[in-house]
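Observations on chain architecture
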Amino acid sequence: MATGRGRLLQLQWQCLVARPQPHGCFGSAFRSPGAAAGRAGFRTRPGAMLPEGPAALSRCAWQDKAYGRPRAGCSASLDSLPSEVLLKILSYLDVAALLCAGCVNRRFYHLASDKMSGLGWVIILRGDDGREHTMEHAHLSFNDSSVTVAWHSKAWPPLATLSTLDLCGVTPVFLGQSRTPTRIRPRWHSLITKYQLSQLSEFSAVGGDRLTRVFCLPPGLVVGLWKREKELAFVMANLHLHLLVERSMLGSPVVPYEPPPHAPVSDDSPERGLHGYRLHVDMHSGGVSCLCGSFRNLSANKGCLENEYMKLSVISFKNNTEHLPLIGKVGLSWKTNSFDGCIKSCSIIDLTLLEEYGKPFWCFSSPVCVRCCPRPSDGPHFLGEAYCVDYSDSEGRLHMELVWIEDTEEYFIVSLALYLRLAKINQWFGTKY
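Residues numbered from 1 in each chain as written. Predicted model: local features only at pLDDT ≥ 70, side-chain atom pairs only at ≥ 80, totals over all residues. Heavy atoms only, no water.

1. Here's the deal with the nonpolar core
- By size, the foremost hydrophobic cluster in this structure holds 41 residues, and its most contacted members are L353, L418 and L420.
- Beyond its immediate sequence surroundings of up to four residues, L353 is in contact with Y277, R278, L279, L312, K359, P360, F361, W362, L418 and L420.
- The next biggest cluster of nonpolar side chains, apart from the first, holds 33 residues, and it includes M135, V147, W151 and A205. (Core = buried A, V, L, I, M, F, W, Y, C linked by side-chain atoms within 4.5 Å. Buried < 20%, exposed > 50% of the residue type's maximum accessible area, 1.4 Å probe, protein only. Contact = heavy atoms within 4.5 Å.)

This is the structure in C-alpha cells:
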C-alpha cells in the first residue's frame, strides 16, 4: 500500500485529469450506458491509513544513488540534476503543476510527494474572549474519493465559551522538517472552512446513540457531543479529494483558496440538454463502504426541468433491474480516547459528478441521515419499510429512496436522482435554461 502522502498525490491527480481513471476517484469500472453498478461495482475494505514517513531531504542521497548522477563529459539533463536542485525547482511550482510533475517518472513522483510531505489538518477553536485552541488530528483515513479527518481529546475547552471552529490545512514552512505535528516549528495555515458553533441546534442534529448526539455543520463537518455533559466528544471532517491539495495549501490563515474563474464551455447542442455525464458515489463510514459504484451516460433533457433544477435520474424507481443493495451495516462510526460507537441512522456520502467533457461538475463529501419516509403511491409495491436520504447545497440536491428488507436485513436503493441547479448549468455552459 502506498504511503498516505503518495496516496493523496495519486488520488488528487486522478480527480484533476480530464478523463476518469481506472483507480482512485473512479475505482469501479463504468458499466453499460445508464446502468447501475452491480455487486462487482461494490467495495468493502479498510481505509488507507496515513503513516509516518521520512522527510524530503533525508532521501536525497538514496535517490541520487538509485537514479544516478551525470557522468563527466556528458551533457546535463533535468533528470540528472541532484535531488537538492530538483527540490528547489519544484518549490516554485504551484500545486497543479506539482501533481503533473509527479507523473513524469518514479523519481519525480517521490520528489513531488516529498515536497508535499507534512501536509495535515488542524482545527482552531476560538472563544468569545479571543482565545485560540489548536487541535492536531487524532485519526486520518483515505476513502475512495475523500479523506476523513477526526479529532478527539480529553481536554476540550468548554463548549459554552467557544464561538467558531476553523478547519485548516497545515504544511511546514521549511522543507526537510519532521512530519510529526508540532506547534514549535513554523507551519503555514490554509483556511478551508470557518464554522459557526452557534449552529449546533436541533435543526443540525442528525442522530445519536446512548452516549453521544451528533450534529452536521455544512460542508461536511460532524460534531459529536456527550449527551450527559453536553460537551465536545469528537469532531470529524469529510474532505472530498477534488481540489483538496489546493485548498489545504494555497489559502491564507484567514481567506480560503479560491479556484480560478470558470470559463463557460460552449454547448454545441443545448436542445439535447445534459448528456454523457458520469457519476461515482461512495457511501461509507469507518473506512468501510456499503455502496461504491459508478454510473455513466447519464442524461437529462428540457422535459426534466423542475422549478430551479434539472433532474438527472440515476436509478429509476420503476425499473427493478437497476435497484442496488447496500452491503453490510449502515452507520456512522466514531471513537474517542475511551469510548467508541456507531450512529445507526447516519452515514457519509461522497459524490463525484463529471460533465460530458470529463471535468468535475459537482463534488461533495458529507454526512447524511437515513430517515423514514412515506411510500409513494404511483410506484411498485415493496415488502419493507421505506426510507430516504436527502442532501442539498448551493449547486444541487440528492434524493435517494431505500427499502428495508427484513428477511435479509439489508437496504435496497430503489431510486436515486440528482437535481442540478439551473444557475450552475447556465454558468458552466453559457446556456439559458
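Still more to cover.
2. What to know about the environment of L225
- Within the secondary structure, L225 is located in strand β10 (residues 221-226).
- On the basis of relative accessibility, which here comes to 9%, the residue L225 falls in the buried class.
- With 25 residues separating them in the primary sequence, L225 and L200 have C-alpha atoms 9.8 Å apart.
- What L225 contacts, discounting residues up to four positions off in sequence, is L159, L211, T212, R213, F215, E231, L232 and A233. (Helix = DSSP H or I, 4+ residues; strand = E, 2+ residues; numbered from the N terminus.)

3. Some details on a nonpolar patch on the surface
- A cluster of nonpolar side chains, namely L78, V85 and I89, defines an oily patch on the protein surface of about 230 Å² accessible area.
- By relative accessible area, which is 48% here, L78 ends up partly exposed. (Patch = residues over 30% accessible without salt bridge, like charges linked within 9 Å, V, L, I, M, F, W, Y side chains within 5 Å. Areas by Shrake-Rupley, 256 points an atom, 1.4 Å probe, with all protein chains shown as cover. Salt bridge = Lys/Arg side-chain N within 4 Å of Asp/Glu carboxyl O.)

4. Structural notes on the packing of aromatic side chains
- Applying the stated criterion to the full structure yields 10 aromatic pairs.
- Seen in terms of ring centroids, Y277 and F361 are 6.0 Å apart; in terms of plane orientation they differ by 75°. Their pairing is edge-to-face. Linking Y277 in strand β12 (residues 274-285) with F361 in strand β20 (residues 360-369), this pair joins segments that are 84 residues apart in sequence. F361 shares its class with Y277; the two are buried.
- Consider the rings of F361 and W428, whose centres lie 5.4 Å apart with planes at 75°: the pair is edge-to-face. Of this pair, F361 sits in strand β20 while W428 sits in helix α7 (residues 422-429); the two residues are 67 residues apart in sequence, bridging distant segments of the chain. The pair F361 / W428 is uniform in exposure class, with both members buried. (Phe/Tyr/Trp six-rings, centres within 6.5 Å; stacked < 30°, edge-to-face > 60°.)

5. Regarding unusual backbone geometry
- In this structure, the amide linkage connecting P218 to the following residue, P219, adopts the cis form with an omega of 0°.
- Mapped onto the secondary structure, P219 falls in the loop between β9 (212-217) and β10.
- Positive phi outside glycine occurs at N297, with the angle close to 55°.
- Note that N297 resides in strand β13 (residues 288-300).
- Classification of N297 by relative accessible area gives partly exposed; the value is 38%.
- Of note in this structure, N307 is not a glycine but carries a positive phi near 55°.
- Counting through the fold element by element, N307 comes out in the loop between β14 (305-306) and β15 (309-315).

6. So, the confidence of the model for the chain
- Per-residue pLDDT for the chain has a mean of 79; in total, 75% of the residues score no lower than 70.
- pLDDT under 50 marks residues 13-72. Its contacts with residues more than four places away, or in other chains, come to 150 contacts. (pLDDT = per-residue confidence, 0-100.)

7. What to know about the pairing of β15
- Burial within β15 is extensive, with 5 of its 7 residues counted as buried.
- Here β14 runs beside β15; their pairing, made up of 2 bridges, is antiparallel. If you follow E306 over to β15, its bridge partner there is Y309.
- The antiparallel hairpin formed by β14 and β15 contains 2 residues in its connecting segment, where N307 sits at a positive phi of about 55°.
- Of the pairings in the sheet, the one linking β15 to strand β24 (residues 410-421) comprises 6 bridges and is antiparallel in character. In the strand pairing of β24, K311 is matched with Y419. (Pairing = 2+ DSSP bridges.)

8. Remarks on the side chain of S347
- Of note, S347 is situated in strand β19 (residues 346-354).
- There is a polar contact of 3.2 Å between the side chain of S347 and the backbone oxygen of H284.
- Apart from the residues within four sequence positions on either side, S347 is in contact with M283, H284, V330, G331, L332, S366, P367 and V368. (Polar contact = N/O pair within 3.5 Å; in protein donor to acceptor, adjacent residues only side chain to side chain.)

9. Details of the sheet that holds strand β3 (residues 132-136)
- Across the sheet, which stays open at both edges, the 4 strands sit in the order β3-β2-β6-β7 with antiparallel pairing between neighbours. Only two strands of the sheet have a single neighbouring strand rather than two, namely β3 and β7 (187-196). If you compare each strand with its neighbour and ignore which way they point, the axes differ by 25° on average.
- Where strand β2 (residues 120-127) lies against strand β6 (residues 162-172), 8 bridges are found, and the strand directions are antiparallel. (Axes fitted to C-alpha atoms, helices over the stretch in contact; angles between N-to-C directions.)

10. Some thoughts on the pairing of β9
- The element β9 is largely enclosed, with a buried count of 5 among its 6 residues.
- With 3 bridges connecting them, strand β8 (residues 205-208) and β9 associate as antiparallel partners. Among the inter-strand pairings, A205 is bridged to a residue of β9, identified as F215.
- Linking two consecutive strands that pair antiparallel, namely β8 and β9, is a turn of 3 residues.
- With 6 bridges joining them, β9 and β10 adopt antiparallel strand pairing. From the neighbouring strand, T212 faces β10, where its bridge partner is W226.

11. Things to note about the sheet that holds β20
- Strand order in this open sheet of 4 strands is β13-β12-β19-β20, and the pairing throughout is antiparallel. The outermost strands of the open sheet, each flanked by one partner alone, are β13 and β20. Taking the axes of each pair of neighbouring strands and ignoring which way they run, one obtains an average angle of 15° across the sheet.
- One ladder, built from 9 bridges, connects β12 with β13; its direction is antiparallel. Along β13, the bridge assignment pairs S285 with V288.
- Sheet contacts for α7: β12 and β20; angle to β20, the most-contacted strand, approximately 155°.

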